[in-house]
Amino acid sequence: MTESLRRVAIVGGSRIPFCRSNTMYADKSNLDMLSAVIDGIVTRFDLNGEQLDEVMAGAVMTHSRDFNLAREAVLSSKLSPLTTGITLQQACGTSLQGALTLGAKIATGQIESGIAAGTDTTSDAPIVFGNKFAHRMINLSQARTMKQRLAALKGFSPGELKPVSPTNGEMRTHLSMGQHCERMAQEWQIAREDQDQLAFDSHQKAAAAYDAGFFDELVTPWNGVSRDNNLRPDTSLEKLSTLRTVFDKGPKATLSAGNSTSLTDGAAAVLVCSEDWAAEHKLPVQAYLTTGRSAAVDFVNDEGLLMAPTVAVAEMLQRTGLKLQDFDFYEIHEAFAAQVLCTLKAWESEEYCRERLGLDKPLGSIDREKINIHGSSLAVGHPFAATGARIISTLAQILEEKGSGRGLISVCTAGGMGVCAIVERP
Amino acid sequence: MKETASKNTIFKHWKLSTDIDNVLWLSLDREGESANSLSLEVLSELSTVVDDLETNAPAGLVLQSGKPGSFIVGADVREFDDYEDAGLASDGINQVHRLFNRIEALPFPKIVAIDGICLGGGLELALAFDYRIATNVEHTRLGFPEIKLGIYPGFGGSARSVQQAGAYNAMQLMLSTRNLRPGAARAMGLVDELVGPHGSLRWAARRAVKKGRKSRKPGQLKRLQNFAPVRTQMARMMRKQVAARANPEHYPAPFELIDAWERYGDDPQRMMAEECDRVGKLITGPTSKSLRRVFFLMERLKAIGKQTDTSFRRVHVIGAGVMGGDIAAWCVVQGMEVTLQDRELKYIEPAMKRAKSLFRKKLRDPNKVNGALSRLQPDVEGKGVSKADVIIEAIFEDVDAKRKLFADIEPRMKPDAVLATNTSAIPLDEISSVLKKPERLIGIHFFNPVAKMPLVEIVYDKKSDAAQVARGAAFCGAINRFPLPVKSSPGFLVNRVLSGYMAKAMSMHLERNIPIEILDKAATSFGMPMGPVELADTVGLDVCMKVVTLLGGESSKREAALLQEKVYAGELGKKSGKGFYVWEKGKPKRADNDSSQYALEEITESLMQPYFEACKAVLAEGIVEDADVLDAGMIFGTGFAPFRGGPLYYLKQKGAEQ
């Protein structure tokens, strides 16, 4: 333990290319992908057989057999089997939260090194029997006499066999993420054209980054795939504008498949540590994880489901004394183009900042040129738990290439939460 | 696990430890070798281990490899040459049989835990155990390569594999020398349990010992395959299948195996006795000797491709013609990302189509095919040049066009990228002189069809940078080809030798009126995979014409003229349906010539004479490093009769006999 807080170094990240669900990763499991990205870190930073203090990782869509996912991934990886693996989950905020938690432990001297990672696949869905049939099976297995067995089978109807697959929606509202965001878009009056433009820009910027070699170290080919297959460098605003809306068929609907993230499979990881540990292992530090904040909104009582980042960022800025404009780069997770635009509009809105965030004046506008400069989730895809690690890795590399600067990360999550963080390179 | 210290001090290659369940874990970690093979010393130590196991029975025995990712690759081929006498070889084999029989008879659960390559003698040893567990991963393979070495499985494999997998599957496995993936081995019954990438081989083995697992023997249907009348029928079919690929006179091993099985297939004891006898004779015979030599030559070429540790990720191919397109497709199949450049997209499209067929054929799984397609990018603007680790030029044979191209790309290349030309006709320095750093340019000369021909000539000249040559060779290794360094000279090695061979055939046809079928027969009876006329038609008479003109000079004027005549008449050979032969469904229509009229041996000798002369000349001129590497080139580049060990080796043997 230390007397004073230490800086949290980000050495760098590694991920596998992301694929749309039920394409090239259709037969891969979360365990396969998470082990692969941990090995990506091992290979990139020469940590074969090393013992790290902790791996913090998780997945949103998991099988019950993956209850100990992070630890199992460590055992399947090239790290020393003496490395702990902690499985955690905060919907899409998982790997960012993992990094912040490791960061806090590093800062206070509890640990020296760790990997924050996340994985998700919607191709390998944990499909189970419904409750009624599951309980019937349990009763049957506990039955000892013929009478008990018959009692367990009493009342069986074939309908019980209908499998239950996981849904991407809120259990309290029965609406999907997209349907909630559609309501947000209508509330904030976000135009379809603006959403399509943001999506288009994301694809263009990501494709340009690939061509320029920005992702060469960050993305390691895996399972025959070398590039995110959701990427559409040849799409056009015209094509995007013709797509029909998918979450609402009414005249005010604006969210389409083009300006919403697709269901994606993939994983990402990032290596964080103390400066001493980095120096011992002769690893250069790309940037530092300065601070972070989580917040939640009362979406059940009609707050916008995906508006929580506005609160988290506001609170973080208050605590650090920084202004919204004091950043050189902004990495805002593009769950939906509308979500990003709602967030920006909210920060610009005097009323919202006063009523909801309790501020004297609006946080203000952000220079759009500084947002997601190499594209984001709409282009590369969004395996839920992996996005946080992907974003930290991208931002750290951007700052390293620039030489110095400060970046803001903002991620919205299911359940009405938001996680944000500040990454800096002095 | 407590180490049994006294045992460990005796053994060089084996490690033993007993755990709290009193299970003995027996690890093979052959001293001083990167892979485990069953040398005499290894087997002798194993015999000592078995002595002890027979007196002090543990609760169970697990056999594993002490070399991570690699099990046992077979017997030690290097020791085969030590056997001069068939009788002594048979005795040696008998000793191994007795050892494996003793193992089989041990009265406690015996499990094998396999991770990595498990071939030949390694698989035979595993078959003497009760139960086999293998990791279901990419680097695990099982099979019997013995026939490639001129023998057949002689450590009990011909008996035990038939008992375990059923006659048909076992025989096909031994005859084809295919390596099985773990899933296929399990389906066949050679492996009993698979452990996935997230499983533990150790704990699976432990469970198997605890449960006293034994492998299941094949069912009724498979056992029927071993009934005498069934064997007779199957043996006939197998002989026919093998004879289509290998002449029994030249390659006796598969026929000995079929023979043994036909007679005694249902009697494992007898099959083993036959192994002693037949394999003993085969191992000391000339074919096996030559095939062992071929094996070592292959290892030599592979080693040339392993000199540097460089990894190659991106390849840029310029020229999407037959060669360029196929080179690009092959690199993608091997996992690389390739950009394919040509003047316009319409010239690249046919190559993309052919690539798709190759991917479907080789990769089969639609997801893998899609992955491959995403790794092959058409690139009209040449954007791939600046990111490529390897750049291969395969445009048409025009020295000015090539010079212009290279001058254009040199400033855009990565500083350590490999720069290569696929030219077969233009001397290296005529192209490299346009570069600011001419020492960077090497030749990487592929053969057609790229996906089937394992040899690649790496061309260098006096100016070439040795490090670049090594990296070019390493690239070939990375795409699973055998690199053969050759000095820049007309025809390098392969084309030079072949052009003389084909020209001679044509001259014998013109001057002595020998029918083309007879010429081809003479060559195939010598052991060449394809006669010279069929070869000419297959390569394409237009290509032959250019090569013969370029390399033949004055002495081949008549032949060049004959070729020219055919080319102008549109008779280009296989690709146009007619050349010297008429081609139907990819096969040449041969007239029924009575070969007894012709002195086949004399024809063969005349035919092969320029072949051998060219080989000797290439060696004398120092175009290749030595005779062995030349032999390797001719075997893997042209299929020169492997059972003869290579052209120069053959000449040496012949000279020694005389």
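Below is a short write-up of the structure. Just so it is clear, the structure is predicted and the values come from calculations on it, not from any experiment.

In terms of helices and strands, chain A carries 14 helices and 12 strands. Relative to the 2.2 N^0.38 estimate, which gives 22 Å for 426 residues, the radius of gyration of chain A is 22 Å and therefore close to what a compact globule would have. Residues classed as buried in chain A amount to 56% of the 426 residues present. A separation of at least 24 residues holds for 79% of the contacts in chain A among residues at least 6 apart in sequence. Taken as a whole, chain A presents about 18,100 Å² of accessible surface, with 51% of it coming from carbon and sulfur.

All right, on to the overall build of chain B then. The helix and strand tally for chain B stands at 27 helices and 20 strands. Computed over the C-alpha atoms, the radius of gyration of chain B is 27 Å, within 12% of the 26 Å expected from 2.2 N^0.38 for a compact globule of 658 residues. Taken along its principal axes, the extent of the C-alpha atoms in chain B is 80 × 65 × 45 Å. Residues classed as buried in chain B amount to 55% of the 658 residues present. Sequence separation of 24 or more characterises 72% of the internal contacts of chain B that already satisfy a separation of 6 or more. Carbon and sulfur atoms provide 52% of the accessible area of chain B, an area that totals close to 29,000 Å². Side chains of chain B give 91 positive and 82 negative charges; the mean places of these two sets differ by 6 Å.

Take Asp326(A): it is sitting in the loop between helix 10 (308-320) and strand 10 (329-332). Through-space distance from the C-alpha of Asp326(A) to that of Ile366(A) is 9.5 Å; in sequence the pair is 40 residues apart.

We now examine the nonpolar core. One broad rule of soluble globular proteins: the nonpolar side chains tend to lie buried together. Residues and elements named next belong to chain B. Grouped together as the largest cluster of nonpolar side chains are 80 residues, with contacts concentrated most on Trp14, Leu46, Phe100, Leu125 and Trp261. Non-local contacts of Leu46, meaning those with residues more than four positions away in its chain, are made with Trp14, Leu26, Leu99, Ile103 and Leu125. Judged by nonpolar contacts, the second largest core, of 78 residues, contains Ile426, Phe492, Met508 and Leu562.

So, on to the sheet that holds strand 17 (residues 455-460) of chain B. Residues and elements named next belong to chain B. Across the sheet, 8 strands lie side by side as 13-12-11-14-15-16-17-18; this open sheet has mixed pairing. Looking at the sheet topology across the chains shown, the edges are occupied by strand 13 (376-378) and strand 18 (482-487). Going from strand to strand, the sheet's axes swing by 25° on average, the running direction of each strand aside. In the sheet, strand 15 (residues 418-421) pairs with strand 16 (residues 441-445) via 3 bridges, with the strands oriented parallel. Opposite Thr421, over in strand 16, you have Gly443 as the bridge partner. With respect to the sheet, helix 13 (residues 286-304) is in contact with strand 17 and strand 18, its orientation differing from that of strand 18 by roughly 75°.

Here the focus is the pattern of salt bridges. Residues and elements named next belong to chain B. In total, this model carries 65 salt bridges over all chains according to the counting rule given. With a shortest N-O distance of 3.7 Å, Glu344 and Lys346 are connected by a salt bridge. A relative accessible area of 39% means that Glu344 is categorised as partly exposed. Salt bridges sharing common partners tie together Arg239, Glu256, Asp259, Glu262, Arg263, Arg270, Glu274 and Arg278.

We now examine the layout of surface pockets. In this structure, the second largest pocket encloses a volume near 1,100 Å³. Taken together, 38 residues make up the lining of the second largest pocket; nearest its centre are Asp211(A), Arg227(A), Pro233(A), Ser374(B) and Gln377(B). Taken together, the elements giving at least two residues each to the lining of the second largest pocket come down to helix 7 (192-211) of chain A together with strand 11 (314-318), strand 12 (337-341), helix 16 (366-375) and strand 13 of chain B. Grouping the constituent residues of the lining of the second largest pocket by class yields 15 nonpolar, 9 polar and 14 charged.

Turning to the interface of chain A and chain B, a few remarks are in order. Taken together, the contacts link 17 residues of chain A with 11 residues of chain B. Summing the contributions of chain A and of chain B, the shared interface buries around 1,100 Å²; its carbon and sulfur component is 39%. Ranking the residues of chain A by area buried against chain B places Met24(A), Asp216(A) and Ser226(A) at the top, with a combined share of 41%. The interface formed by chain A and chain B includes 1 salt bridge. The shortest N-O distance in the salt bridge between Asp216(A) and Arg314(B) comes to 2.8 Å. Where chain A packs against chain B, one counts 8 residue pairs in polar contact (both at pLDDT 80 or more). Elements that contribute at least two residues to the side of chain A that touches chain B include exactly helix 1 (30-44) and helix 7 of chain A. Among the elements that take part in the side of chain A that touches chain B, helix 1 of chain A stands out by supplying 3 residues, more than any other. A breakdown of the residues in the side of chain A that touches chain B according to their chemical character gives 7 nonpolar, 7 polar and 3 charged.

Attention now moves to the side chain of Asp520(B). All names here are of chain B. Relative to the assigned elements, Asp520 resides in helix 21 (residues 516-526). Since its relative accessible area comes to 3%, Asp520 is described here as buried. Within the structure, Asp520 has its side chain in polar contact with the side chain of Tyr581 (distance 2.6 Å). Beyond its immediate stretch of four places on either side in the chain, Asp520 contacts Gly531, Pro532, Val533, Glu534, Tyr581 and Arg590.

Here we take up a negative patch on the surface. Taken together, the side chains of Asp82(B), Glu84(B), Asp85(B) and Asp91(B) present a region of like negative charge at the surface. Within the secondary structure, Asp91(B) is located in helix 3 (residues 86-105).

Time to look at the packing of helix 6 (residues 167-176) of chain B against helix 10 (residues 228-245) of chain B. Residue and element names in this part refer to chain B. Packing of helix 6 against helix 10 leaves a shortest axis separation of 12 Å and a crossing angle of 15°. Taken together, helix 6 and helix 10 sit at an angle that is classed as roughly parallel. Judged by the sense of rotation from one axis to the other, the crossing of helix 6 with helix 10 is right-handed. Packed against helix 6, whose contacting residues are Tyr168, Met171, Gln172 and Leu175, the element helix 10 presents Met234, Met237, Met238, Gln241, Val242 and Arg245 at the interface. Taken together, the residues of the contact of helix 6 with helix 10 break down into 7 nonpolar, 2 polar and 1 charged.

It is worth spelling out unusual backbone geometry at this point. Following Asn448(B), the chain continues to Pro449(B) via a peptide bond in cis, the omega torsion being -5°. Here Pro449(B) shows up in the loop between strand 16 and strand 17. The phi dihedral of Asn22(A) falls on the positive side, at around 60°, and the residue is not glycine. Summarising the element assignment, Asn22(A) is placed in the loop between strand 2 (19-20) and helix 1. Residue classification places Asn22(A) among the exposed positions, given a relative accessible area of 55%.

Moving on: the sheet that holds strand 8 (residues 141-143) of chain B. Residues and elements named next belong to chain B. Taken together, the 3 strands give an open sheet; going across it, the order is 6-8-9, and neighbouring strands pair in mixed fashion. The outermost strands of the open sheet, each flanked by one partner alone, are strand 6 (117-119) and strand 9 (179-180). As paired elements, strand 8 and strand 9 share 2 bridges and run antiparallel to each other. Looking at strand 9, one finds that Leu142 is bridged to Leu180.

Here the focus is the packing of helix 22 (residues 532-539) of chain B against helix 23 (residues 541-552) of chain B. All names here are of chain B. Between helix 22 and helix 23, whose axes approach to 6 Å, the crossing angle comes to 105°. Taken together, helix 22 and helix 23 sit at an angle that is classed as roughly perpendicular. Touching Ala536, Asp537 and Val539 of helix 22 are Leu541, Val543 and Cys544, all from helix 23. Tallied by class, residues from the contact of helix 22 with helix 23 come to 5 nonpolar, no polar and 1 charged.

What sets the pattern is the α-helix's 3.6 residues per turn: residues three or four places apart point alike. Residue and element names in this part refer to chain B. With 7 of its 10 residues buried, helix 6 lies for the most part within the structure. All buried positions along helix 6 are accounted for by Ala167, Ala170, Met171, Gln172, Leu173, Met174 and Leu175. Packed against the buried residues of helix 6 are helix 5 (157-165), strand 9, helix 7 (182-188), helix 9 (220-224), helix 10 and helix 11 (253-264). Within two residues after helix 6, Thr177 carries a phi angle of roughly 55°, on the positive side.

Criteria and cut-off values
Residues numbered from 1 in each chain as written. Chains lettered and ligands numbered in written order. Predicted model: local features only at pLDDT ≥ 70, side-chain atom pairs only at ≥ 80, totals over all residues. Heavy atoms only, no water. Helix = DSSP H or I, 4+ residues; strand = E, 2+ residues; numbered from the N terminus. Rg over C-alpha atoms; globule rule 2.2 N^0.38 Å. Buried < 20%, exposed > 50% of the residue type's maximum accessible area, 1.4 Å probe, protein only. Contact = heavy atoms within 4.5 Å. Areas by Shrake-Rupley, 256 points an atom, 1.4 Å probe, with all protein chains shown as cover. Lys, Arg positive; Asp, Glu negative; His and termini not counted. Charge placed at Lys NZ, Arg CZ, Asp CG, Glu CD. Core = buried A, V, L, I, M, F, W, Y, C linked by side-chain atoms within 4.5 Å. Pairing = 2+ DSSP bridges. Axes fitted to C-alpha atoms, helices over the stretch in contact; angles between N-to-C directions. Salt bridge = Lys/Arg side-chain N within 4 Å of Asp/Glu carboxyl O. 1 Å grid on protein atoms, 1.4 Å probe; cavity = no way out; pocket = protein on both sides within 12 Å on 5 of 7 lines; lining within 4 Å. Points joined across faces, edges and corners; volume = space filled by probe spheres on them. Nonpolar A, V, L, I, M, F, W, Y, C, P; charged D, E, K, R; others polar. Buried area = accessible area lost by both parts, 1.4 Å probe. Polar contact = N/O pair within 3.5 Å; in protein donor to acceptor, adjacent residues only side chain to side chain. Patch = residues over 30% accessible without salt bridge, like charges linked within 9 Å, V, L, I, M, F, W, Y side chains within 5 Å. Parallel < 35°, antiparallel > 145°, perpendicular 65-115°, else oblique. Left-handed = near helix turned anticlockwise from the far one by under 90°.

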